[in-house]
Amino acid sequence: MSKSKSRAETAARIRHLLDTEGDAVAENTRGFNRGRYESVRELDDYESLKSAARAIKEDAIERIPELIDELRESVEANGGHLYVAADPAEANAYVREVVDGGNVVKSKSMTTEELDLNDALEADGAAVTETDLGEWVLQLADETPSHIVGPAVHKSREGIADLFAETFGLDDDDRPETAEELTRFAREKLLADIREAEVGVTGANFLAADSGTLALVTSEGNARKTAVVPDTHVAVAGVEKVIPTVEDLAPFVELIGRSGTGQDITSYVSLLTPPVSSPPVDFGEADSPVAERGAAGGDGATDPHPDREFHLVLVDNGRLDLREDDDLRETLYCIRCGACSNSCGNFQSVGGHAFGGETYSGGIATGWEAGVEGLDTAAEFNDLCTGCSRCVPACPVEIDIPWINTVVRDRINRGDAADGEGSGSVGFLVDGLTPDEEPAGLDPAKRLFGNFETLAKLGSATAPLSNLVANARPVRGAMDRWLGITRERDLPAFERETLVDWFDARGGPRVSEGLARREAVVYPDVYTNHVAVDRGRAAVRTLEALGVRVTVPESTAVGSGRAPLSQGMVETARRKAERCRDALLPEVDAGRDVVVIEPSDLAAFEREYERLLPADDAERVADGCFEVLEYVYGLLENGADPGGLTTAEDAGGRARVAYHPHCQGKTLDLEPYTVAVLERLGYEVDTSETECCGMAGSFGYKSEYYELSMDVGEPLSEQFGDAERVLASGTSCREQLDALLGSPAEHPIEAIAPGE
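Think of each chain on its own: its residues are numbered from 1, step by step along the sequence as written. The predicted nature of this model means local features are confined to residues of pLDDT at least 70 and side-chain atom pairs, given and counted, to a pLDDT of 80 or more, with totals for whole chains, interfaces and linings taken over all residues. Excluding hydrogens and water, the side-chain figures rest on all heavy atoms present in the structure.

**Quick look at a nonpolar patch on the surface**
- Candidate patch residues must exceed 30% relative accessible area and have no salt bridge, after which like charges are joined if within 9 Å and Val, Leu, Ile, Met, Phe, Trp or Tyr side chains if within 5 Å. Every accessible area reported is derived by Shrake-Rupley at a probe size of 1.4 Å, with residue values counting cover from the shown protein chains alone. In what follows, salt bridge is the name for a side-chain nitrogen of Lys or Arg lying within 4 Å of a carboxyl oxygen of Asp or Glu. A surface patch of nonpolar side chains, amounting to about 240 Å² of accessible area, comprises Ile265, Val269 and Leu271.
- Locating valine 269 in the fold gives a position in strand β9 (residues 268-272). Working definition: helices are DSSP H or I runs of at least four residues, strands are E runs of at least two. Numbering for both runs from the N terminus.

**Details of helix α12 (residues 249-260)**
- One less than the number of residues in a helix, times 1.5 Å, gives the span that helix is expected to have. Relative to the 16 Å expected for twelve residues at 1.5 Å per residue, α12 spans 16 Å between its end C-alpha atoms, a close match to the ideal helical length.
- Among all positions in α12, only Leu249, Pro251, Phe252, Leu255, Ile256, Gly257, Arg258, Ser259 and Gly260 are buried.
- A positive phi of about 80° marks glycine 262, the residue just after α12. Relative accessibility decides the category of a residue: with a 1.4 Å probe and only protein chains considered, values under 20% of the type maximum give buried, values over 50% give exposed, and everything between is partly exposed.

**A closer look at the pairing of strand β7 (residues 232-238)**
- Burial of β7 is extensive: seven of the seven residues sit out of reach of the surface.
- Judged by which residues are buried, β7 turns out to be covered on both faces: Thr232, Val234, Val236 and Gly238 on one side and His233, Ala235 and Ala237 on the other are all buried.
- Of the strand pairs in this sheet, strand β4 (residues 199-202) and β7 are connected by four bridges, and their pairing is parallel. In the sheet register, glycine 200 faces β7, and the bridge partner there is histidine 233.
- Pairs of strands are assigned from DSSP output, requiring at least two bridges between the strands. The pairing of β7 with strand β10 (residues 309-315) spans seven bridges and is parallel. Pairing of histidine 233 across the sheet is with phenylalanine 310, part of β10.

**Some points on the packing of aromatic side chains**
- Each Phe, Tyr or Trp ring, with Trp reduced to its six-membered ring, pairs with another whose centre is within 6.5 Å; inter-plane angles below 30 degrees give stacked pairs, above 60 give edge-to-face pairs, and intermediate values give tilted ones. Under the counting rule described, the total for this entry stands at 19 aromatic pairs.
- Between the aromatic rings of phenylalanine 168 and phenylalanine 185, the centroid separation amounts to 5.3 Å while the plane-to-plane angle is 65°, which identifies the pairing as edge-to-face. Of the two residues, phenylalanine 168 sits in helix α9 (residues 157-168) while phenylalanine 185 sits in helix α10 (residues 179-196), which places them 17 residues apart along the sequence.
- You can call phenylalanine 168 partly exposed: its relative accessible area is 29%.
- Here the aromatic rings of phenylalanine 626 and tyrosine 631 are separated by 5.7 Å at their centres, their planes lie at 45°, and the arrangement is tilted.
- Exposure remark for phenylalanine 626: the relative accessible area of 25% places this residue in the partly exposed category.
- On the basis of relative accessibility, which here comes to 6%, the residue tyrosine 631 falls in the buried class.
- Whether a charge sits over a ring depends on NZ of Lys or CZ of Arg being within 6 Å of the ring centre and within 35 degrees of the ring normal. Seen from the ring of tyrosine 37, arginine 36 lies directly overhead, with NZ or CZ sitting 4.5 Å from the centre.
- When the ring centre of tryptophan 368 is taken as reference, the NZ or CZ atom of arginine 336 above it lies at 4.6 Å.

**Re the pattern of salt bridges**
- Within the structure shown, the criterion is met by 54 salt bridges.
- Across the pair arginine 184 and glutamate 180 runs a salt bridge, and its minimum N-O distance is 3.4 Å. Of the two residues, arginine 184 and glutamate 180 are both situated in helix α10; the distance of four residues between them amounts to about one turn of the helix.
- A residue is classified by how much of its surface remains accessible, and glutamate 180, at 58% relative accessible area, is exposed.
- Across the salt bridge formed by glutamate 756 and arginine 537, the nearest N and O atoms sit 2.9 Å from each other. Of this pair, glutamate 756 sits in the segment after α37 (748-752) while arginine 537 sits in helix α26 (residues 533-545); the two residues are 219 residues apart in sequence, bridging distant segments of the chain.
- Within the structure, one salt-bridge network assembled from shared partners comprises Arg54, Glu58, Glu330, Asp400, Arg607 and Arg611.

So, in structure tokens, the structure goes:
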């Protein structure tokens, strides 16, 4: 398959999902996400709960073998059985022997999806009924889940009504239509199957090693019926679900519902220590008490009922290898809440049928699929993580999901390079532009975007000719065909005079050392230095107006490494991070603050350098750098006179502004500084409500993802469509807003900067 054909197929697949499932997925996931914000806002100790939950998972994963031994002792002491399966074949063989072709009801369980357990049981003649409403709908429709928590989020109420009518031959008079009618219809059907089942199969959200207690967290309650109505209960869970004690459940119970569906607490939290003491329910004797007082199953009884049978199947299937992988181990901390899906712009548009693998979906799915299925499966959707980082604050166990995706992308790149599927015959197009550390054979588009710094230097040195050539119709056609750079996007226009050149030409600093409030370096990032020079000039003028002695040294005009990191070129990113550290730390050591204009570069300094540099170096760089509006805010708060800045009154009729903060800036909590500065200068600020604009650096330039990128940005069009003046902190955000709104957006620093 050629790369160009592959891109076309990917684009067609995404277009189909946008048309058929996009609206339902967007409505549901954005609703979950809004609910999360509202629910966690009420928690005073939200961050502490997250840290506590992470600490429990870190400890549990570190001690998995020990905890499994303890859990085995607990389960067997309770009268149950524990089996550890190395892979799906072993797990399915064990459950098949227990079920022995009988009737089975199942609660929602991603682990059993991973095992294809239903297929294995049905091959033996067993009748299997999913009791989770969403899973049941998908079972009837013969579809796969599109979301970890809400498996049928891609289906509309109308579609489910049609499905029920067709499946059960309902005429118009009997056809359920409303959500309440559909739920009542499903409940009656499912209860009939639960009554007849011989075996109930559940998953487990958590397993307490000290007691053998399993926690089931659901929204419907059918999982509890599945566990306690049939006389035989089989629970299937990954080995990572084991935690030390029942008391350790506390932070997870607080967090899982809020993070997943925005509920303060999930509707049903069932704690069972099977085999339970109550006797199996006899529906033929509905009026008789289930047991005599004092007998097994009666009031105060604690012994398991003699007719009860319990089997716990713990599944490895690559998890213990993940545990030994320093970069991917955090995947095992996942509590499957789906917050990373709900907070992801791309997922909100296409759902898990695009942004997912064999079983798992959303941001964390890359780690899961790489671990349990392999890199080939992860490679099918890994590019849909743009590294926007909005999943980072949303994750209740503080997993660095973007880093997991970056590492997997790096491994995929190296695999493609090794088998020659990357550059093919078009690698020559980027030869000479790519002084990177990656192996030959890497996808040429990734290599080009990852080496944008080199391209930008060449572009500025040869501008305006470089811009004319790049936009010539034959060149754009070649870029589209061979590199997958869509013709729908305008390319960045390189400036002949860079920010460093401009600063030198104007004679250097204009605030004397004696009068300076502080000294600062404006970091000439690649875009500010070669493309968006105006915002760099505005930053210099603004800081000087506030009494800061500013310099823009050529020595600091080096890329941060963010560009190669976004393409999964980790070693190239590391080399660039080392070079940038060597350029910035002397400035920091000399007492100068480093002011950063591009939020994604600041994110590299504050979040990603700790993965690329020695810890002490990373901390020093992070401590010495400030986002430009954050820095302005600090100056104003410490007495700087704003009199030289452009106020809303100076702006006349342009005092009301629409502001879209960069996704990385939101994760770094920079948005309040920008809003505060603008409001202090009299601007009325309408802030965007979307997580990400959809452009995400190079993502929106890629032909296979162009339509998805525009769809992700659509909420911005709806919110800012009538705005007269739009501000955005990020370079790619501004490009996306230009495309969405048809008019140029400005950096906030340009709104407040003094005139030239």
